[in-house]
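Chain and residue survey
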Amino acid sequence: MTDISKAGTFKLGDRTVKRLGYGAMQLAGPGVFGPPKDRDAAIAVLREATASGVDHIDTSDFYGPHVTNQIIREALHPYPANLTIVTKISARRGADASWIPAMSPRELTQAVHDNLRNLGLDVIEVVNLRSMHGIHGPAEGSIEPQLDTLAELQRQGLVRHIGLSNVTRKQIAQGRGMVDIVCVQNQYNIAHRQDDALIDELAADGIAYVPFFPLGGFTPLQSSTLADVAQKLGATPMQVALAWLLQRAPNILLIPGTSSVGHLRENLAAAELKLPADAVQVLNGIAGEKAAA
């Protein structure tokens, strides 16, 4: 079995977690909507993840909606003492599977209670506020009212720590001026590197950076350069992409998702893949290739 502790650990709130975790989004149906085709397979993936040492699971009650959290509860409750479950709020799903902003105090409060109920928890370790000023990427706009609501839920003991997702530098600065921010979750991968400088700044302050779509998300990474490096190293392109992220900065926590036990094992094996300096140099050029394409 892969030893994922070889990827190291980092602080997430007041817990220390292994840097290779699991993102639960793909446990829902197509388009992250409705139930999975095989619920037993979804449960098996979660149990395999924790049996393999994963102690950080990222989820949300708007995956499904409700489906993913209910599967997590069925698979893992009562939860291992070392398991850190992180969720995110500020969206809801339309009947047509659309993503709809849900950022009012009432909606955010309801979302936290929905997560607590469906996960079977009394308190959520980390709740990420996902900015919906831009649905498909960060966009400017104040997040003060939303953070005020989360801070109140934190004072009530329902939320232990607060993070931010899909945010700009200005919003991160605003958030850090209001509450203690323990993590930032933005899109970032070997081909999408707009947050390069931000990651280093957060690392200096001991704040975790959790890239979503580390393998490209709904459009999987495709690069002949990545494929060539993977072939030379005897690994898969996705393992190389994950290993690159692990070596990129010590504060990066990975949450690759999958609905397959086989793919889960492949992803976790990236913890033991060390990229030589010449490979890293070649891989660093992929973002430039994508920009020029």
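Residues numbered from 1 in each chain as written. Predicted model: local features only at pLDDT ≥ 70, side-chain atom pairs only at ≥ 80, totals over all residues. Heavy atoms only, no water.

In the annotation of an unreviewed UniProt entry, the entry for the chain reads Aldo/keto reductase family oxidoreductase, and the organism field reads Mesorhizobium australicum.

Observations concerning the overall build of the chain
Defined as follows: A helix here means a DSSP run of H or I that spans at least four residues, while a strand means a run of E at least two residues long, and both kinds are numbered starting from the N terminus. Each radius of gyration is computed over the set of C-alpha atoms, and the globule rule expresses the reference value as 2.2 Å times the number of residues to the power 0.38. Three exposure classes are used, based on accessible area relative to the maximum for each residue type with a 1.4 Å probe and protein chains only: buried under 20%, partly exposed in between, and exposed over 50%. The contact criterion used is simple: two residues touch if any of their non-hydrogen atoms lie within 4.5 Å.
Scanning the chain for helices and strands turns up eleven helices and eleven strands. Over its C-alpha atoms the chain spans a radius of gyration of 18 Å, differing by no more than 12% from the 19 Å that the globule rule assigns to 293 residues. Overall, the chain is about 55 × 40 × 40 Å in size when its C-alpha atoms are taken along their principal axes. The buried share of the chain, taken over its 293 residues, is 54%. Contacts spanning at least 24 positions in sequence make up 74% of the contacts within the chain whose residues lie at least 6 apart.

Digging into the sheet that holds strand 4 (residues 56-58)
Either a parallel or an antiparallel arrangement is found when strands of a sheet pair, and the pairing is made through backbone hydrogen bonds. Convention followed: For two strands to be treated as a pair, DSSP must find at least two bridges joining them.
Reading across the sheet, the seven strands line up as 3-4-5-8-9-10-11 and stay open at both edges, with parallel pairing between neighbours. What marks the edges here is a single partner per strand, and that holds for strand 3 (22-23) and strand 11 (208-209). With two bridges joining them, strand 10 (residues 181-185) and strand 11 adopt parallel strand pairing. Counterpart to V184 in the pairing with strand 11 is Y209.

Side note on the pattern of salt bridges
The condition is simple: Definition used for salt bridges: Asp or Glu carboxyl oxygen within 4 Å of a side-chain nitrogen of Lys or Arg.
If you walk through the whole model with that rule in mind, you get 14 salt bridges. Of the charged contacts in the structure, one is a salt bridge between R15 and E125, with a shortest N-O distance of 3.4 Å. Note that R15 is positioned in strand 2 (residues 15-18) and E125 in strand 8 (residues 124-130), a separation of 110 residues in sequence. On the accessibility criterion, E125 (6% relative accessible area) is buried. In this structure, R155 engages E152 in a salt bridge whose closest nitrogen and oxygen atoms are separated by 3.0 Å. With R155 and E152 both in helix 4 (residues 144-155), this residue pair falls three residues apart, about one helical turn. Since its relative accessible area comes to 62%, R155 is described here as exposed. Residue classification places E152 among the partly exposed residues on the basis of a relative accessible area of 33%. Counted as one network, the salt bridges with shared partners bring together R193, D196, D200 and R248.

With respect to the packing of helix 7 (residues 224-233) against helix 8 (residues 237-248)
Using the following cut-off: Only the contacting stretch of a helix is used when fitting its axis, a line to C-alpha atoms as for every element, and angles between N-to-C directions run 0 to 180 degrees. When describing relative orientation, an angle under 35 degrees is termed roughly parallel and one over 145 degrees roughly antiparallel, while 65 to 115 degrees is termed roughly perpendicular and anything else oblique. In this classification, the charged set is Asp, Glu, Lys and Arg, the nonpolar set is Ala, Val, Leu, Ile, Met, Phe, Trp, Tyr, Cys and Pro, and all remaining amino acids, among them Gly, are polar.
Their axes nearest at 8 Å, the elements helix 7 and helix 8 cross at an angle of 95 degrees. The pairing of helix 7 with helix 8 is recorded here as roughly perpendicular in orientation. Listed contacts from helix 8 to L226, A227, V229, A230 and L233 of helix 7 are P237, M238, V240 and A241. Considered class by class, the residues forming the contact of helix 7 with helix 8 number nine nonpolar, no polar and no charged.

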